[in-house]
Structures are given as structure tokens and as C-alpha cells.
Amino acid sequence: MATNRTFTMLKPDAVEKGHVGAILEKINASGFRIVALKLTQMTTADAQAFYAIHKERPFFGELVEYMTRGPIVAAVLEKDNAVEDFRTLIGATNPADAAEGTIRKLYAASIGENAVHGSDSDENAAIESAFHFSGREMF
Ligand code: ADP
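Residues numbered from 1 in each chain as written. Predicted model: local features only at pLDDT ≥ 70, side-chain atom pairs only at ≥ 80, totals over all residues. Heavy atoms only, no water.

## As for helix 2 (residues 20–29)
Every buried residue of helix 2 is listed here: Ile 23, Leu 24 and Ile 27. Along the long axis of helix 2, the arc covered by the buried residues comes to 95°, so they all point the same way. Away from its buried face by more than 90 degrees, helix 2 exposes Glu 25 and Ala 29. Along its buried surface, helix 2 packs onto strand 1 (3–10), helix 1 (12–16), strand 2 (33–40), strand 3 (72–80), helix 5 (82–90) and helix 6 (103–107). After helix 2 finishes, the residue Gly 31 shows a positive phi value of roughly 95°. (Buried < 20%, exposed > 50% of the residue type's maximum accessible area, 1.4 Å probe, protein only. Helix = DSSP H or I, 4+ residues; strand = E, 2+ residues; numbered from the N terminus. Arc of directions from axis to C-beta. Contact = heavy atoms within 4.5 Å.)

## So, the UniProt feature "domain: Nucleoside diphosphate kinase-like" (unreviewed entry) in the protein
Those places that UniProt annotates as "domain: Nucleoside diphosphate kinase-like" (unreviewed entry) correspond, in this numbering, to residues 3–137. Secondary structure across residues 3–137 divides into 41% helix and 21% strand, with the first and last C-alpha atoms of the span separated by 19 Å. (UniProt positions renumbered as here; feature names shortened; annotations may be inferred.)

## Here's the deal with the nonpolar core
Judged by nonpolar contacts, the single largest core of 18 residues is most densely connected at Leu 10, Ile 23, Ile 27, Phe 32, Phe 86 and Ile 103. Contributing elements (two or more residues each) for this core: helix 2, strand 3, helix 5 and helix 6. Sorting elements by how many residues they give to this core places helix 5 first, with four residues. Contact partners of Phe 32, with chain neighbours within four places excluded, come to Ile 27, Leu 77, Glu 78, Lys 79, Ala 82, Asp 85, Phe 86 and Leu 89. Grouped together as the second largest cluster of nonpolar side chains are 17 residues, Phe 7, Val 35, Met 67 and Ile 72 included. (Core = buried A, V, L, I, M, F, W, Y, C linked by side-chain atoms within 4.5 Å.)

## Brief notes about the pattern of salt bridges
This model, assessed by the stated rule, comprises six salt bridges. One salt bridge in this structure joins Glu 78 and Arg 5, with 2.9 Å as the shortest N-O distance. Linking Glu 78 in strand 3 with Arg 5 in strand 1, this pair joins segments that are 73 residues apart in sequence. With its nearest N and O atoms 2.8 Å apart, the salt bridge here joins Glu 78 to Arg 33. Of this pair, Glu 78 sits in strand 3 while Arg 33 sits in strand 2, and the two are 45 residues apart along the sequence. On the basis of relative accessibility, which here comes to 18%, the residue Glu 78 falls in the buried class. A single network of salt bridges, built from pairs that share partners, joins Arg 5, Arg 33 and Glu 78. (Salt bridge = Lys/Arg side-chain N within 4 Å of Asp/Glu carboxyl O.)

## Focus on unusual backbone geometry
In this structure, Asn 81 takes a positive phi of about 55° despite not being glycine. By the element assignment, Asn 81 lies in the loop between strand 3 and helix 5. Of note in this structure, Ala 115 is not a glycine but carries a positive phi near 70°. Checked against the element boundaries, Ala 115 lands in the loop between helix 6 and strand 4 (116–118).

Next up, the structure:
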């Protein structure tokens, strides 16, 4: 298995509830190496662009409001099989369906406010990492 990278955001609900430390610890304990990290806040235009694939969905407006209402923690993570293993670690989109011990099971409140993002492909991981970080912010 190749060592590769994925992109994550600890979403505004996770930051508001003070779960950043616990989630980063779980990410580290699961074998991911943090290669980029920052606290930042998305603008409306940022969130609309980041989630453009969902722009026709009924929850799009709610998603943009949620993702811009406060700071997020953005990070790039490195591990063998990073994209797939991180999706497993975070669990299903809806925390009600997420496996025991996953980040969303532990920290998410609802399908909308689900604590954490994880890229769904190597291609999107690269695009999403470049959306938030310059080359010299990634190590
Ligand atoms: P994932 O983040 O698990 O890849 P999606 O790409 O389908 O899930 O959706 C992106 C984000 O949009 C979700 O993480 C969640 O915050 C929000 N979302 C998805 N489905 C719904 C829904 N039915 N109602 C409200 N928000 C949703």
C-alpha cells in the first residue's frame, strides 16, 4: 500500500464544543502523520466553492451557513491508504449510522453537523489540500 495523503477539516461544531484536542489525538493514535495544520474560517464564497458539487442539494444553504459560522481546523494527513483509512476512522456521514468508536459516532450531533470532513478520493484530497494550504505550509 502506498503512503499517501488526505485532507480533513474539524468543522465549526467540533471547534465550538472543544473537541479539537481529542480528535487530533485520535487521528495521531490511528497512525496518521499531520503534515499541515491550521485554524481558519471559511468565507461564504470559500464554502460555496469547496462544496460546489452539492450546490443543487436542498441542504446546500444550510451547509454553507454551518461551515462559515466559526473557525475550522484544516489539516493534511499522511498514512498508508490515507483516504480510505480516514473515511473509516470518521464513520458514516450520518452519526446515527456511524460505527462505534468512529469520530462521527463520538463527536457528531447530526447528519448536517457531523464534526469532521474527510476527502473521498486521492484526486479530491490533492484539490482540497491546495484549496486551504500553499506548498510551503505542507511538510
Ligand atoms: P461526507 O462529508 O460524508 O463525504 P457528503 O459529501 O455527502 O458527505 O456531504 C457533505 C456534507 O454535507 C456532510 O458531511 C454534511 O455536513 C452535509 N450533509 C450531507 N447530507 C446532508 C443532509 N441530508 N442534510 C444536511 N446536511 C447534509
